[in-house]
Amino acid sequence: MNAAKASIGSHMLTMLMGTWLVVGIFIDGYAHNHGMTESFFSPWHGILYSGFMASAAWILGLVYVNKRRNASTWRQAIPVGYGLGLIGVFVFLTGGICDMIWHLIFGIEQNLTALLSPSHLLLMLGTLLIISSPFRAGWEDSPHKPAWRPFFPTLLSASLSVVTASFFLMYMWMFRYNLAAPDVIDWYKSRTDPFFGIRVIEDLEIRGLTYILMNTLLFMYPVFLLLKRWQLPFGSITFLFTCISVLMGVLDGFQQYQSILISLAAGLAADSIHVIFRHREGVMGGYRVLALVVPVVLWGGYFLSMALSVGIGWDPELWAGSMVQASLLSLAISILAISPTRGGNEHHSV
């Protein structure tokens, strides 16, 4: 007997619970960043762990119902794509118990230490395994050209998985910092003597370039993973990019709300290129155009927003070169992910 398959409605409910869980993570992250947590038993943890309990109950319930309905083995009762999600339930539960013990012994972490706590990293792993279940299921059996409604749980699953990874890399989220702004550069200069000032500013520039490249990976890798498997409905990449920026904006109370508009513009550019080239010959070239253009729109929007608000303190070679470097990195990702010599679904479309 083959493994069970969850319905589209079941995937939607999985993602409803998963969204509850992920939103709880970001609300808890906001509380940690702003010194609002005083103990493990906080309202922020209440939102987070209630989201987990809902997700766990739903996945375990799916397996139990399949077992009763089909008189199958427990292994066959696990829906396609949900095996790792079931493991994720127990990983998260272990992480939650460890997190409570950790807080009772060492207290409440703040800022960077909260992201590196071993118990929190277990929670991240458990969350990723749970919320990526519909994506794995969709990868196995959804059509190459899906419609929006049946594809949405798969897209949301992928988006929230990327967002969860981004949460634990929030210290590299470039939109949180105006590292290229003149007042930021002057602030760093004022806190060191002239002898070390040049090195401090160079380190600041290296930090900014590193963040731009890391964020380019976070945005573009899931795009090419999705394109490798599907001809995406228009708006899919826009949804992905906007979802990332909206939830990352929660962490600082949407102080950098411009990042949402910039991500929206970059997503629309990606979706438009996808639509234009998927109906033409030479689709491989469409992948490459998308790879090169989208980072330029993303970081061009970032620097334009900065120029209009606070100014740019970096040399033109630096801010323009960072955009080119991000574009070339994106191109390299697309070549590795979608190569005509590797087989797979690349021949279908952009």
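Let us look at the structure shown here.

Rules used in this analysis
- Residues numbered from 1 in each chain as written.
- Predicted model: local features only at pLDDT ≥ 70, side-chain atom pairs only at ≥ 80, totals over all residues.
- Heavy atoms only, no water.
- Helix = DSSP H or I, 4+ residues; strand = E, 2+ residues; numbered from the N terminus.
- Buried < 20%, exposed > 50% of the residue type's maximum accessible area, 1.4 Å probe, protein only.
- Polar contact = N/O pair within 3.5 Å; in protein donor to acceptor, adjacent residues only side chain to side chain.
- Contact = heavy atoms within 4.5 Å.
- Axes fitted to C-alpha atoms, helices over the stretch in contact; angles between N-to-C directions.
- Left-handed = near helix turned anticlockwise from the far one by under 90°.
- Nonpolar A, V, L, I, M, F, W, Y, C, P; charged D, E, K, R; others polar.
- Salt bridge = Lys/Arg side-chain N within 4 Å of Asp/Glu carboxyl O.
- Core = buried A, V, L, I, M, F, W, Y, C linked by side-chain atoms within 4.5 Å.
- Phe/Tyr/Trp six-rings, centres within 6.5 Å; stacked < 30°, edge-to-face > 60°.
- Lys NZ or Arg CZ within 6 Å of the ring centre and 35° of its normal.
- Parallel < 35°, antiparallel > 145°, perpendicular 65-115°, else oblique.
- Patch = residues over 30% accessible without salt bridge, like charges linked within 9 Å, V, L, I, M, F, W, Y side chains within 5 Å.
- Areas by Shrake-Rupley, 256 points an atom, 1.4 Å probe, with all protein chains shown as cover.

1. Observations regarding the side chain of Ser322
Topologically, Ser322 is positioned in helix H14 (residues 316-337). On the basis of relative accessibility, which here comes to 1%, the residue Ser322 falls in the buried class. At a separation of 2.7 Å, a polar atom in the side chain of Ser322 contacts the main-chain carbonyl oxygen of Trp319. Discounting residues that sit within four places of it in the chain, Ser322 has contacts with Leu209, Ile212, Phe303 and Trp314.

2. Digging into unusual backbone geometry
Glycine aside, a negative phi is what most residues show, and trans is what most peptide bonds show. Despite not being glycine, Phe254 has its phi angle at roughly 60°, a positive value. Along the chain, Phe254 falls in the loop between helix H11 (236-250) and helix H12 (258-278).

3. Focus on the packing of helix H8 (residues 148-167) against H11
Their axes nearest at 9 Å, the elements H8 and H11 cross at an angle of 35°. Note that H8 runs across H11; the crossing there is right-handed. Between H8 and H11, the contacting residues are Trp148, Phe151, Phe152, Leu155, Leu156, Ser159, Leu160, Val162, Val163, Ser166 and Phe167 on the first element and Ser236, Phe239, Leu240, Cys243, Ile244, Leu247 and Met248 on the second. Here the contact of H8 with H11 is built from residues that sort into 15 nonpolar, 3 polar and no charged.

4. Topic: the pattern of salt bridges
For the coordinates displayed, the defined rule picks out 3 salt bridges. For the salt bridge of Arg176 with Asp252, the shortest nitrogen-to-oxygen distance reads 2.7 Å. Of this pair, Arg176 sits in the loop between H8 and helix H9 (182-190) while Asp252 is found in the loop between H11 and H12, placing the two residues 76 residues apart along the sequence. Asp203 serves as the salt-bridge partner of Arg199, at 3.2 Å between the closest nitrogen and oxygen. Here Arg199 and its partner Asp203 are both found in helix H10 (residues 194-229), 4 residues apart, which amounts to about one turn of the helix.

5. So, the nonpolar core
With 87 residues, the main nonpolar core has Phe26, Phe224, Leu226, Phe241, Leu290, Trp299 and Trp314 as its most contacted residues. Looking at which element gives the most residues to this core, the answer is H10, with 11 residues. Contacts of Phe241, omitting those with residues within four sequence positions, involve Phe219, Met220, Val223, Ser263, Ala266, Gly267 and Val294.

6. Comments concerning the packing of aromatic side chains
A full pass over the atoms with the stated rule returns 21 aromatic pairs. Note on Phe152 and Phe239: the rings are 5.4 Å apart at their centroids and 70° apart in plane angle, and the pair reads as edge-to-face. A residue pair is termed long-range when its members are at least 10 positions apart, and Phe152 in helix H8 and Phe239 in helix H11 qualify at 87 residues. Over the ring of Trp74 we find Lys67, and its NZ or CZ is 5.3 Å from the ring centre. When the ring centre of Tyr177 is taken as reference, the NZ or CZ atom of Arg207 above it lies at 4.9 Å.

7. Let's talk about the packing of helix H13 (residues 283-309) against H14
Where H13 contacts H14, the axes come no closer than 8 Å and their chain directions differ by 150°. By the criterion of interaxial angle, the relationship of H13 to H14 is roughly antiparallel. In this structure, H13 crosses over H14, and the sense of that crossing is right-handed. On the side of H13, the interface is formed by Arg288, Ala291, Leu292, Pro295, Val296, Trp299, Gly300 and Phe303, while H14 contributes Trp319, Ser322, Met323, Ala326, Ser327, Ser330, Leu331, Ser334 and Ile335. Taken together, the residues of the contact of H13 with H14 sort by class into 11 nonpolar, 5 polar and 1 charged.

8. Let's talk about the environment of Glu109
Note that Glu109 resides in the loop between helix H4 (83-106) and helix H5 (112-116). Considered as a pair, Glu109 and His32 are 77 residues apart in the sequence and their alpha carbons are 7.2 Å apart.

9. Some thoughts on a nonpolar patch on the surface
Together, Leu60, Phe90, Leu93, Ile97, Ile101, Leu104, Ile105 and Phe106 make up an exposed nonpolar region whose accessible area comes to about 840 Å². Broken down by element, the nonpolar patch gets its largest block of residues, 7 residues, from H4. With respect to the element layout, Leu93 can be found in helix H4.

10. With respect to the environment of Ser42
Residue placement: Ser42 occurs in the loop between helix H1 (8-33) and helix H2 (43-70). Between the alpha carbons of Ser42 and Tyr302 there is a distance of 36 Å; along the sequence they are 260 residues apart.

11. Let's talk about the environment of Gly313
Checked against the element boundaries, Gly313 lands in the loop between H13 and H14. The class of Gly313 is partly exposed, set by a relative accessible area of 35%. In this structure the C-alpha to C-alpha distance between Gly313 and Ala265, which are 48 residues apart in sequence, comes to 24 Å. When sequence neighbours within four positions are dropped, the list of residues in contact with Gly313 reads Ala180, Ala181, Pro182 and Ile185.

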